[in-house]
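Commentary on secondary and tertiary structure
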Amino acid sequence: MTIFHCSECGEALTLVLTPLPAVPEPPPFERPRPGARGPEATIPRGHYAIETEPWGAPYEPYPDDEEGPAQRRAGWMSDMRGLLRSAGPRGNIVLNPEDALDLIILVDASMGCCGGPSGTQGLNRACRCGQPVATLAADCTTVYELHLDADSVRADTTAS
Ligand SMILES: [Zn+2]
Ligand SMILES: [Zn+2]
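Right, let's walk through the structure included here. (Residues numbered from 1 in each chain as written. Chains lettered and ligands numbered in written order. Predicted model: local features only at pLDDT ≥ 70, side-chain atom pairs only at ≥ 80, totals over all residues.)

**Brief notes about the overall build of the protein**
Helices and strands together make up the secondary structure of the protein, namely zero helices and twelve strands. Counting from the amino terminus, helix and strand elements in the protein follow one another as β-β-β-β-β-β-β-β-β-β-β-β. Relative to the globule expectation of 15 Å for 160 residues, the C-alpha radius of gyration of the protein, 15 Å, shows essentially globular dimensions. Going through the 160 residues of the protein one by one, you find that 35% of them count as buried. Across the protein, the fraction of contacts at a sequence separation of at least 24, relative to all contacts at a separation of at least 6, is 58%. (Helix = DSSP H or I, 4+ residues; strand = E, 2+ residues; numbered from the N terminus. Rg over C-alpha atoms; globule rule 2.2 N^0.38 Å. Buried ≥ 20, exposed ≤ 12 C-beta atoms within 10 Å, placed from the backbone. Contact = placed C-beta atoms within 7 Å.)

Structure follows, in C-alpha cells:
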C-alpha cells in the first residue's frame, strides 16, 4: 500500500495505491470511457505500475534502420527528421488519473482535440506547491494514464 507525495513539499498526491507487476495492456479504443472519446484508463482504480521503458518528452529520431511506435502503448510519431521515439525518463509511476488528488494544470502545448492533453510535451500537472510532478495523457488519440515523474515524488509504503 503506497501513497505518493510531492518531493518538494511533502503533500500527498495520490490515494492509497497497490502495485501491479507491470503496466497492463490498455483497454481497446473501441470501448471509450464514459463522457470521452478516448479509451478507459490503462490502470484500474487503486493501483499503480512502473513504466520500465522511456516514456514521454523529449522524442528523438529512430536510427535509420529501425522503426516503431513513439513509446509503449502509443501510435507512431514523426517530424521532418523522420520517425520518433521517446528519449524520456524510465521509471515513471503510472496510475489511473482518477486516483490523483487535486493537481494544478500546467500549460501544455500538446492539448488534444477533446478529452485533454496528448501528454507528449513533458510534465503538464503540478503539485499545489507549484512543483511539476506528472504528465497526464487523456486525449482520444492516446491512452488515459497519469505518469508521476519518479524524480519529483516520494513513495510512502506501509504494510497493509
Ligand atoms: Zn508540493
Ligand atoms: Zn481528441
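**Observations regarding the environment of Ala57**
Relative to the elements of secondary structure, Ala57 occurs in the loop between β3 (47-51) and β4 (59-61). Non-local contacts of Ala57, meaning those with residues more than four positions away in its chain, are made with Gly88, Thr120, Gln121 and Gly122.

**Comments concerning the sheet that holds strand β2 (residues 18-19)**
One key point about sheets: their strands pair by backbone hydrogen bonds, in either a parallel or an antiparallel sense. Read across the sheet, seven strands follow the order β2-β3-β7-β11-β10-β9-β8 without closing on themselves; strand pairing throughout is mixed. In the strand order of this sheet, the two ends are held by β2 and β8 (104-105), each with one partner. (Pairing = 2+ DSSP bridges.)

**Some remarks on the nonpolar core**
One finds Leu13, Ile93, Leu95, Val133, Ala134, Leu148 and Val153 to be the most contacted residues of the largest nonpolar core, which totals 24 residues. Breaking this core down by element, the ones donating at least two residues are β1 (2-6), β7 (92-95), β10 (132-137) and β11 (145-148). With sequence-adjacent residues up to four places away left out, Val153 is seen in contact with Phe4, His5, Cys6, Ser7, Leu13, Ile93, Val133 and Leu148. (Core = buried A, V, L, I, M, F, W, Y, C linked by C-beta atoms within 7 Å.)

**Some words on the sheet that holds β4**
Spatial ordering of the open sheet is given by β4-β6-β5, a layout of three strands whose pairing is antiparallel. Looking at strand neighbours, the two that pair on one side only are β4 and β5 (77-79), the edges of this open sheet. Ignoring which end each strand starts from, the neighbouring axes of this sheet average 45 degrees apart. Bridge analysis of β5 against strand β6 (residues 82-86) gives three bridges, and the strand direction is antiparallel. Directly across from Met77, in β6, lies its bridge partner Leu84. (Axes fitted to C-alpha atoms, helices over the stretch in contact; angles between N-to-C directions.)

**Digging into the environment of Ile93**
Inspection of the secondary structure puts Ile93 in strand β7. Residue class for Ile93 comes out buried when judged on the 24 C-beta atoms lying within 10 Å of it. The sequence separation of Ile93 and Leu123 amounts to 30 residues, and the corresponding C-alpha distance is 13 Å. Apart from residues no more than four positions distant in its own chain, Ile93 is found in contact with Phe4, Tyr48, Ile50, His147, Leu148, Ala150 and Val153.

**Structural notes on the pairing of β6**
Pairing of β4 with β6, which is carried by three bridges, proceeds in the antiparallel orientation. For Tyr59, the partnering residue across the bridge sits in β6 and is Ser86. In this structure, the hairpin formed by β5 and β6 is closed by a connection of two residues.

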